[in-house]
2 protein chains.
Amino acid sequence: MPTDIPQGAAERNPAGHDSPFGPLTLPYGVFSTADAPDLRRVGVRLHDRVLDASAAARALGADAEAALLGHPTLNPLLAAGRPAWDLVRDRLTEWLTDDRHHDAIEPFWLPLADVTLHLPFEVADYVDFYASEHHATRVGEIFRPGGAALTPNWKHLPIGYHGRAGSVVVSGTEVVRPFGQRKGPDDPAPVYGPSVRLDYEAEVGFVVGTPTAAGERVGLDAVEDHVFGVCLVNDWSARDIQAWEYVPLGPFLGKSFATSVSPWIVPLQAFSAARVAPPARDVALLPYLDDAKLPEWGLDLRLDVAINGQVVARPPFSRMYWTVAQQLAHLTVNGAVLRTGDLFASGTVSGPGDDQRGCLLESTWNGREPLTLPDGSTRGYLEDGDEVTIRAWAPGPDGGRVDLGAVTGRIAPAAG
Amino acid sequence: MPTDIPQGAAERNPAGHDSPFGPLTLPYGVFSTADAPDLRRVGVRLHDRVLDASAAARALGADAEAALLGHPTLNPLLAAGRPAWDLVRDRLTEWLTDDRHHDAIEPFWLPLADVTLHLPFEVADYVDFYASEHHATRVGEIFRPGGAALTPNWKHLPIGYHGRAGSVVVSGTEVVRPFGQRKGPDDPAPVYGPSVRLDYEAEVGFVVGTPTAAGERVGLDAVEDHVFGVCLVNDWSARDIQAWEYVPLGPFLGKSFATSVSPWIVPLQAFSAARVAPPARDVALLPYLDDAKLPEWGLDLRLDVAINGQVVARPPFSRMYWTVAQQLAHLTVNGAVLRTGDLFASGTVSGPGDDQRGCLLESTWNGREPLTLPDGSTRGYLEDGDEVTIRAWAPGPDGGRVDLGAVTGRIAPAAG
């Protein structure tokens, strides 16, 4: 069971670099400082410092880069497209790793501890997939016992649905326990009150940069043209509200109260060394989803989930059945338009192991088998005051590592 | 059956005014003109003319009104809140009905035929409800034969789900037949191709102006504080794609290719004379949804649906089980934040009569009982080239009428 997971294992750096967010990551975020709380700026993180990116670019005479970075959100950079993304990343890598630029760059660093991080981009549409076979199978066994665990469509298409973009918040934002309706099998009528089955879902999110034209389909080979970067997502879920409301049109209020994202968006290009083959496919895929002969888009992202600092699961993203490329191809196959700022998430990341379950619904079998944490406390579902932190890193080139950092949130009591 | 509906009945004006969009309506839209196609401006429609609203306000010295109206979308006006909405509407009513202002206003009129209408507001989140008992019952009978037509939750909460905000387009935008997966009960595996069951859904949409603070719940008595206005919605649906994909997380690509809205947003206050009692409730409602002792929010909106100019249905919005106030109360009961520009739609409007079915799924019983149009042609589902037009009006004060106008769209062939 998850309780025997060694604490801190995800912190170990296979290349021996102790500080995360080294030069292989260089993620983008949006920050402000205490002396100018309303002035939001794009920052680039290196170890425990944040570069005021547009100010640095201006000082170095890089006017084009400064123009893309000089905004209160990442959206103008996202909209600039792949060639611009690569150019800006190359320039930043040069500025931050070549000693010739050290003195020019130095004035534009701020200690990470001195900045406030904000939602880094304006979310256009938010889509949540359901791409882990292990998660979907367990959920099917729990919610539809006796029937087939996977629905007949599951291995033919990446199931997804739209979530509430306006509920996406940055890591660290308090999550208030939602009110709503629930009805247990023995309740004669639904009851109203704070959710008693509040859960997290450890997910990976993909941020769309380049929009599509009306009717344009994004092929499996074009994911790099549209996806700017990667973040972590906690798709908070009220299982009792969800279970009562979701037939026949899917989750609604059980999800829409809050979705947290990590503050640092890591460019997709940073994961070149983390690309792995996805799991073998059991059924023949239609051509628009068939990735058998294409470059692989599985990603070896290594997640861990902690409750109040105690790791309870280590879900492996490499075991996800549907890849980012397949999700994007499916999302656009009907001509749906992509917009800059669209966010699509993988769905709960779960692996086959008992210690690889990405939500409490699975880890506790809907509360029936409570989890014992290292401090001896038990959880069926989340309690008020609990802080959930999802972290991840991936192998980088030459034995280095790429960090996704963390998305965290604390449960506040329901507000009358 | 729908074919015996008198053509043009919805055009008759009970007060004897032949031209729609009289002074009781005064809706807002966004237009441009051929000589300045990139200059989008807020317009107010009266009969067959459009007022360049901010220019007129400036000329009359109404600087505050001009500031709210002088934008390329309605969003700044939406964000201004109920007192400002009422003030601007009162001023417009005065300017457009009081002869003293005739000469000052006259230079700012444009013929309706000379303007291009655009999406009038930036859509934040789009939610689609399922609020017609008659629609939900027929859909249940079609998709889940032998089972209970309504799911157990249906009369306890207004079922809804999130749609794709980025796919919302203005009336008149071509709707391209979507590609996707479908699988009939006898198909051994899913097939890929253009949808062969393309449908419309006649709906009414509500446009949110005033946002909420985090965690704020909107009570049944506060709908007027948050909802700015009303429009018509066609939630285009590919029934074959939807039927294969929608279990267990709800509709996704079967809906996300296009959702059309009417170009004129009619202020909620215009419908004061159209408020009626909703249908009697069969089950006790939880207090946050119980409207028994509150002012009624049923709305006597009279819709008609035409295919290629031939009316095929006249769905009565007054028969909707769940009201706009209940939908908004439910949407926010979990603390989900409202943003300016949120759009929520009623779901297909259908009444009990055979001629009151708001989609072809119902009218043709999923294609099994094709509809015969007045021109003798038949339809199971929509064909390429078909133009669908949904229109509506409502009783206004003193025997007058309020017009929602029309939302229209023509089906273009699937694009390889």
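Values in this document were obtained by computation on a predicted structure and should not be read as measured data.

Caption draft 1: Fine view of the interface of chain A and chain B. In this assembly, 53 residues from chain A lie in contact with 53 residues from chain B. Overall, the association of chain A and chain B removes approximately 5,000 Å² of surface from exposure, summing both partners, and the carbon and sulfur fraction of that is 60%. Taken as a group, Arg-164, Leu-249 and Phe-252 of chain A account for 16% of the area that chain A buries against chain B, more than any other trio of residues on that side. Across the contact surface, chain A and chain B share two salt bridges. Between chain A and chain B we count 24 residue pairs in polar contact (both at pLDDT 80 or more) in total. Contributions of two or more residues to the side of chain A that touches chain B are made by strand E6 (126-129), strand E7 (160-162), strand E10 (179-182), strand E11 (191-194), helix H8 (239-245) and helix H9 (324-332) of chain A. When residues of the side of chain A that touches chain B are assigned to their parent elements, the largest contribution, three residues, is made by E7 of chain A.

Caption draft 2: Highlighting the layout of surface pockets. All names here are of chain A. Put simply, the largest pocket is a space of about 720 Å³. Taken together, 23 residues make up the lining of the largest pocket; nearest its centre are Phe-143, Lys-183, Ala-243, Trp-244 and Tyr-246. If you tally residues by element for the lining of the largest pocket, the top one is H8, at four residues. Of the residues in the lining of the largest pocket, the class split is twelve nonpolar, three polar and eight charged.

Caption draft 3: Region of the structure containing the sheet that holds strand E25 (residues 387-395) of chain B. Residues and elements named next belong to chain B. With mixed pairing, five strands are arranged side by side in an open sheet as E9-E26-E25-E20-E21. Of all strands in the sheet, those bounded by a partner on one side alone are strand E9 (175-176) and strand E21 (310-313). As paired strands, E9 and strand E26 (residues 401-412) are joined by two bridges and run parallel to one another. Across the sheet, residue Val-175 finds its bridge partner in E26, namely Ile-411.

Caption draft 4: Highlighting the UniProt feature "domain: Fumarylacetoacetase-like C-terminal" (unreviewed entry) in chain A. Following the UniProt record, one finds the feature "domain: Fumarylacetoacetase-like C-terminal" (unreviewed entry) at residues 127-402 of chain A. Across residues 127-402 of chain A, the secondary structure splits into 13% helix and 27% strand, with the terminal C-alpha atoms separated by 25 Å.

Caption draft 5: Geometry of the environment of Ala-238 of chain A. Residue and element names in this part refer to chain A. Structurally, Ala-238 is set in strand E15 (residues 237-238). Sequence separation between Ala-238 and Val-208 is 30 residues; the distance between their C-alpha atoms is 27 Å. When residues no more than four places from it in sequence are discounted, the contact partners of Ala-238 are Pro-178, Ser-195, Arg-197, Leu-198, Gly-254 and Phe-257.

Caption draft 6: View of the pairing of strand E2 (residues 36-46) of chain B. Residues and elements named next belong to chain B. Pairing of strand E1 (residues 28-33) with E2 involves five bridges; the strand directions are antiparallel. Residue pairing in the sheet places Thr-33 in a bridge with Ala-36 of E2. Once E1 ends, the chain turns through two residues before running back antiparallel as E2. Sheet topology places E2 next to strand E3 (residues 49-52); four bridges connect them, and they run antiparallel. Bridge assignment links Val-44 to a residue of E3, and that residue is Leu-51. A loop of two residues connects E2 with E3, the two strands running antiparallel in sequence, and His-47 in this loop sits at a positive phi of about 50°.

Caption draft 7: Local environment of the side chain of Arg-82 of chain A. Residue and element names in this part refer to chain A. Within the element layout of this structure, Arg-82 appears in helix H4 (residues 82-97). The class for Arg-82 is buried, based on a relative accessible area of 11%. Sequence-distant contacts of Arg-82, defined by excluding residues within four places in its chain, comprise Thr-210, Glu-224, Asp-225, Val-227, Phe-228, Leu-268 and Gln-269.

Caption draft 8: Representation of the relation of the copies chain A and chain B. Laying chain A over chain B is done by rotating through 180° and shifting 0.0 Å along the axis; what remains is an RMSD of 0.0 Å. As the rotation angle and translation indicate, the two copies are arranged about a two-fold axis. Proximity to the rotation axis, assessed at the C-alpha, singles out Gly-250 of chain A in chain A; its C-alpha lies 2.0 Å from the axis. A shared binding surface is used by both copies, with 100% of the interface residues of chain A retained as interface residues in chain B.

Caption draft 9: Representation of the nonpolar core within the structure. Core analysis: the biggest nonpolar cluster contains 161 residues, and Phe-271, Leu-303 and Phe-344 of chain A together with Phe-271, Leu-303 and Phe-344 of chain B have the highest contact counts within it. Discounting residues that sit within four places of it in the chain, Phe-344 of chain A has contacts with Val-127, Phe-129, Val-204, Gly-205, Phe-206, Val-208, Val-227, Val-324, Gln-327, Leu-328 and Leu-331 of chain A. Residues Ala-57, Leu-74, Val-123 and Tyr-126 of chain B belong to the second largest nonpolar core, which totals 38 residues.

Caption draft 10: Quick look at the UniProt feature "domain: Fumarylacetoacetase N-terminal" (unreviewed entry) in chain A. Mapped onto this numbering, the UniProt entry gives "domain: Fumarylacetoacetase N-terminal" (unreviewed entry) at residues 26-120 of chain A. Summarising residues 26-120 of chain A: 41% helix, 29% strand, and an end-to-end C-alpha distance of 14 Å.

Conventions and cut-offs
Residues numbered from 1 in each chain as written. Chains lettered and ligands numbered in written order. Predicted model: local features only at pLDDT ≥ 70, side-chain atom pairs only at ≥ 80, totals over all residues. Heavy atoms only, no water. Contact = heavy atoms within 4.5 Å. Buried area = accessible area lost by both parts, 1.4 Å probe. Salt bridge = Lys/Arg side-chain N within 4 Å of Asp/Glu carboxyl O. Polar contact = N/O pair within 3.5 Å; in protein donor to acceptor, adjacent residues only side chain to side chain. Helix = DSSP H or I, 4+ residues; strand = E, 2+ residues; numbered from the N terminus. 1 Å grid on protein atoms, 1.4 Å probe; cavity = no way out; pocket = protein on both sides within 12 Å on 5 of 7 lines; lining within 4 Å. Points joined across faces, edges and corners; volume = space filled by probe spheres on them. Nonpolar A, V, L, I, M, F, W, Y, C, P; charged D, E, K, R; others polar. Pairing = 2+ DSSP bridges. UniProt positions renumbered as here; feature names shortened; annotations may be inferred. Buried < 20%, exposed > 50% of the residue type's maximum accessible area, 1.4 Å probe, protein only. Least-squares fit on C-alpha atoms with pLDDT ≥ 70 in both. Core = buried A, V, L, I, M, F, W, Y, C linked by side-chain atoms within 4.5 Å.

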